[in-house]
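# Close look at the chain arrangement
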Amino acid sequence: MFQKTSFTTLIVGVFIVYVLHTCWVMYGIVYTKPCDNPKSDKCISPYLAGNPRLQLSIYTALRPNTEGGHSLIHREEDFDVNTRFERLVNVSLPKKTRKNGTLYAMVFLHQAGMSPWQDPRQVHMVTQLTTYMLPKPPEVSLITGEDESQQQEQQSMPGDDKLDRPVSHWRSRLTLNIVAENFLFDREALPSDVHRYMKVYQSGRKMVYLPLLFIDQLSNRVKDLMEINSSTTELPLTISYDTIALGKLRFWIHMQDAVYSLQQFGFTEKDADEIKGIFVDTNLYFLALTFFVAAFHLLFDFLAFKNDISFWKQKKSMVGMSSKAVLWRCFSTIVIFLYLLDEQTSMLVLFPAGIGSLIEVWKVKKAFKIYIIWKGIKPAFMFGKSDESERRTEEYDSLAMKYLSYLLYPLCVGGAIYALVFVKYKSWYSWLINSLVNGVYAFGFLFMLPQLFVNYKLKSVAHLPWKAFMYKAFNTFIDDVFAFIITMPTSHRLACFRDDAVFLIYLYQRWLYPVDKTRVNEYGVSYDEEPKGKAHKD
């Protein structure tokens, strides 16, 4: 007969197939098959191989077409595709743009000394220099009131409902790329993503493609946006140019299309900016490593989640378990969820945080033996009774929290007062949530200590969900490695490693208080057997 496959084995198998499939897809994106025989008619040769004299011209227009109404803002004569540069120009805004309108940039690469409108071998791209986004709410000092400069700026802008509707924002960066390598394309194996950026003409018996011009929209970040109002007549624009490899160009095209698709499904500019940061702020090789690490991180998260749920589902007694730690875990996850909600975080992060908060509430219900009895439409709450062993655990737990409060309360109160006096927030609610979440991030690890104290008093660790602990420890180790690889402040690195110190103490206690693996526990399960049903009674 076939051996029964566990759910965990099935998930791990699906995960391995997914990783291998993703590697194959990524290889197909970054690798392009070149033309084998350069003299064949099937090859498409590069126009840049003839070293032509080129010129780069950038215009602005109110419409995304090539029909009239254009203003030249920059010209790069004797343009060398292999020389990177960065230019800062001031762009005059038309009246329609100042009145919450749009403005486009038209980038032409054409033959030097010839108008782009008359050059049959010119290539051009069009992009928006403006985008619509809700204005940032003014931040206020909760002690002294509203900031004066922000108050004056707000009074100078007509319209009381401005914060409720999107307004035009200026994209202060324009990033251009050109594929400078003389790559021979095979006409029969031409990638579809490159095809829409390619302009080809016939030269004798050969096909020649014009330079591949690309406007990097992933570099348009929210931090670079500037709000446009009716009094703004001129704004700065940073024009930066660099070459790009063909493999990176294809990868960038796919990522740019993915971000555009997400925006069509309702993702805001801020949501898209978080995704852009993954690609723009990271080296491509490091990004590939990050993908594998993130994939394993997700697997360990799922396995920890599964084992944690299984453990608490069959949990009948709180002997040896710190109920205060469970309650704190529930409180901290809810605070983090409210913080993410206040910051208008992407749904990709907000949704899992909300699900996690509901699970922690369920664990509190199990830990404190809370039962809900419905009397019609009115719920009634009942609490189960604790036996002698559970009451002894609660005494140790309360004693540990008493010692911990001597350190914790002054730190939290001091941090809240500092934030109230020196930091500006949008409202009292924002101050409260930020103060709570800072306390959670800074001192949350301290609430792992009462469980250590309970273990020490009971001289046992058999009551802990060790499988879930180990998977969480793997994830913590991954975070620690990246804390060293990525440039981070010292305080953040210490925050990453302090959980490891606590976990090492847990491992020491597990060695100090060994578990008898041959003994059947209160659930009728031993370490080398499957569940046997009801508990054995002496």
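What counts as what
- Residue positions are given per chain, counted from 1 along the sequence in the order it is written.
- A pLDDT threshold of at least 70 governs which residues receive local features in this predicted model, and a stricter bar of 80 or more applies before side-chain atom pairs are shown or counted, although totals over entire chains, interfaces and linings include all residues.
- Side-chain numbers come from the whole structure's heavy atoms, not from hydrogens or water.
- What counts as a helix is a DSSP run of H or I of at least four residues, what counts as a strand is a run of E of at least two, and both are numbered from the N terminus.
- Partly exposed residues are those whose accessible area sits between 20% and 50% of the maximum for their type, while under 20% is buried and over 50% is exposed, using a 1.4 Å probe and protein chains only.
- The term polar contact refers here to a pair of N or O atoms within 3.5 Å; inside protein, the definition further demands a hydrogen-donor-capable atom paired with an acceptor-capable atom, and it admits residues adjacent in sequence only when both atoms are side-chain atoms.
- In what follows, residue pairs with any heavy atoms lying within 4.5 Å of each other are defined as contacts.
- Planes of paired rings set the category: under 30 degrees apart is stacked, over 60 is edge-to-face and the rest tilted, where pairs are Phe, Tyr or Trp rings (Trp by its six-membered ring) whose centres lie within 6.5 Å.
- Only when DSSP finds a minimum of two bridges between them are two strands counted as paired.
- Patch members must show over 30% relative accessible area and no salt bridge, and they are joined within 9 Å when carrying like charges or within 5 Å when they are nonpolar side chains of Val, Leu, Ile, Met, Phe, Trp or Tyr.
- Calculation of accessible area relied on Shrake-Rupley with a 1.4 Å probe; when residues are assessed, cover is drawn exclusively from the protein chains displayed.
- Salt-bridge detection follows one rule: a side-chain nitrogen of Lys or Arg within 4 Å of a carboxyl oxygen of Asp or Glu.
- Only a pair of cysteine sulfur atoms within 2.5 Å qualifies as a disulfide here.

## What to know about the side chain of Glu-76
Its place among the elements puts Glu-76 in strand 3 (residues 71–79). Overall, Glu-76 belongs to the buried group, its relative accessible area being 13%. A polar side-chain atom of Glu-76 sits 2.7 Å from a polar atom in the side chain of His-74. Sequence-distant contacts of Glu-76, that is, excluding residues within four places in its chain, are made with Gln-55, Leu-56, Phe-85 and Arg-87.

## Observations regarding the packing of aromatic side chains
To describe a pair of aromatic rings, you give the distance between the ring centres and the angle between the ring planes. With the rule as written, the count across this model stands at 16 aromatic pairs. Considering the side-chain rings of Phe-185 and Tyr-209, the 5.1 Å spacing of their centres and the 75 degrees angle between planes classify their relative orientation as edge-to-face. Here Phe-185 is found in strand 12 (residues 185–186), whereas its partner Tyr-209 is found in strand 14 (residues 206–209), with 24 residues between them in sequence. With respect to class, Phe-185 is no different from Tyr-209; both count as buried. Linked through ring pairs, Trp-24, Tyr-27 and Tyr-31 together constitute an aromatic cluster.

## A short note on the sheet that holds strand 13 (residues 200–203)
Backbone hydrogen bonds are what pair the strands of a sheet, in a parallel or an antiparallel way. Pairing is mixed in the open sheet, where four strands are placed in the order 12-1-14-13. Every other strand in the sheet has two partners, leaving strand 12 and strand 13 as the edge strands with one partner each. Sheet topology note: the strand 1 (residues 43–46)/strand 12 ladder contains two bridges and is antiparallel. When the sheet's bridge partners are listed, Cys-43 is paired in strand 12 with Asp-186.

## A few points about a nonpolar patch on the surface
Taken together, the side chains of Trp-24, Val-25, Tyr-27, Val-30 and Tyr-31 make up a nonpolar region of the molecular surface, amounting to roughly 550 Å² of accessible area. By the element assignment, Tyr-27 lies in helix 1 (residues 7–30).

## Comments concerning the state of the cysteines
The tally for this structure, following the rule as stated, stands at one disulfide. Disulfide pairing places Cys-35 opposite Cys-43 at an S-S distance of 1.7 Å. Residues Cys-35 and Cys-43 are joined by a disulfide whose S-S torsion is about -70 degrees; by sign, that bridge is left-handed.

## Quick notes on the side chain of Asn-177
With respect to the helices and strands, Asn-177 occurs in strand 11 (residues 173–178). For Asn-177, a relative accessible area of 7% gives the class buried. Among the polar contacts made by the side chain of Asn-177, one reaches the main-chain carbonyl oxygen of Asp-242 at a distance of 3.0 Å. With residues near it in sequence (within four places) discarded, Asn-177 still touches Leu-212, Leu-213, Phe-214, Asp-216, Tyr-241, Asp-242, Thr-243 and Ile-244.

## Focus: the pattern of salt bridges
Using the criterion set out here, one finds 10 salt bridges in the structure. Among the salt bridges present, the one from Asp-242 reaches Arg-84, with a minimum N-O distance of 3.6 Å. A residue pair is termed long-range when its members are at least 10 positions apart, and Asp-242 in strand 17 (residues 234–243) and Arg-84 in the loop between strand 3 and strand 4 (85–92) qualify at 158 residues. Where Arg-329 meets Glu-360, a salt bridge forms, and the shortest distance between an N and an O atom there is 3.8 Å. In this pair, Arg-329 sits in helix 8 (residues 323–342) while Glu-360 sits in helix 9 (residues 347–367), placing the two residues 31 residues apart along the sequence. Three or more residues are tied together by salt bridges with common partners; here these are Arg-329, Glu-360 and Lys-363.

## Section: unusual backbone geometry
Look at Asn-51: it is not a glycine, yet its phi comes out positive at around 50 degrees. Here Asn-51 shows up in the loop between strand 1 and strand 2 (54–61). With a relative accessible area of 68%, Asn-51 lands in the exposed category. Unusually for a residue other than glycine, Asn-100 sits at a positive phi of about 65 degrees.

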